[in-house]
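The lines below spell out each chain.
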Amino acid sequence: MMMALPERVPYIHAVPNPSVEREQKRREVEEKRKLQRSKEQYQKKTAVQNNAMKKSVGRSIFFMAVLLAFVLFRSSMVYDLQNQYVGMQNQIRETEKLNEDLRSKIIKASSIKELAEKSKEMELQTVNREDYIEVDLSVNHFSDGVAVTEEKSLSEQILSLIPFEFAH
């Protein structure tokens, strides 16, 4: 059941309650602020993530560049060493060829037949045992006749200065 209120007069043109309107505007402004804050936080969060990713990529690129430079440096060192090795091998081959040439010349020069021919060309004579002089090279024949004595070591000289019998 409905009861009509006698004291109320129906108005055709009703004015909205200003407190309700302010509350609604305040809610809308608050929602806009929350939305704006969440957008800003999202943007900050994505910016931080992007910066972190950029730093990570930058570090990776830097380390790869350092590694590449190191590999290139070591490769160039290996290449230089390999070139030195090849150069040394070539020098060894040349030296071996020269040694072979010298051996063949020595063999050729030391052949008895050629020695005999050369001695005939130079008119060399054979020497009898009476015609040559023997010299002992272990003895110094040019010295003044002073006998060389062996010097005592420092410890022997010090011990010789001590007058005790057991020291000698």
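Attention now moves to the overall build of the protein chain. The helix and strand tally for the protein chain stands at three helices and zero strands. Going from the N terminus to the C terminus, the protein chain shows its helices and strands as α-α-α. Classification of the 168 residues of the protein chain by burial places 1% in the buried group. Accessible surface, the protein chain: about 17,800 Å² in total, of which carbon and sulfur atoms supply 60%.

Another point: the pattern of salt bridges. Taken as a whole and assessed by the stated rule, the structure comprises four salt bridges. With a shortest N-O distance of 2.1 Å, Glu 23 and Arg 26 are connected by a salt bridge. Linking Glu 23 with Arg 26, this pair stays in helix H1 (residues 18-109), spanning three residues, or about one helical turn. What makes Glu 23 partly exposed here is its relative accessible area of 27%. By relative accessible area, which is 48% here, Arg 26 ends up partly exposed. Residue Glu 23 is joined to Arg 27 by a salt bridge in which the shortest nitrogen-to-oxygen separation is 3.9 Å.

Another point: a nonpolar patch on the surface. A cluster of nonpolar side chains, contributed by Met 53, Val 57 and Ile 61, occupies part of the molecular surface with about 300 Å² of accessible area. Considering the arrangement of structural elements, one finds Ile 61 in helix H1.

This part is about the confidence of the model for the protein chain. With 79% of its residues at a pLDDT of at least 70, the protein chain reaches an overall mean of 81. Here helix H3 (residues 154-161) stands out as the element of the protein chain with the lowest mean pLDDT, 76, in contrast to H1, whose mean of 91 is the highest.

About the criteria used
Residues numbered from 1 in each chain as written. Predicted model: local features only at pLDDT ≥ 70, side-chain atom pairs only at ≥ 80, totals over all residues. Heavy atoms only, no water. Helix = DSSP H or I, 4+ residues; strand = E, 2+ residues; numbered from the N terminus. Buried < 20%, exposed > 50% of the residue type's maximum accessible area, 1.4 Å probe, protein only. Areas by Shrake-Rupley, 256 points an atom, 1.4 Å probe, with all protein chains shown as cover. Salt bridge = Lys/Arg side-chain N within 4 Å of Asp/Glu carboxyl O. Patch = residues over 30% accessible without salt bridge, like charges linked within 9 Å, V, L, I, M, F, W, Y side chains within 5 Å. pLDDT = per-residue confidence, 0-100.

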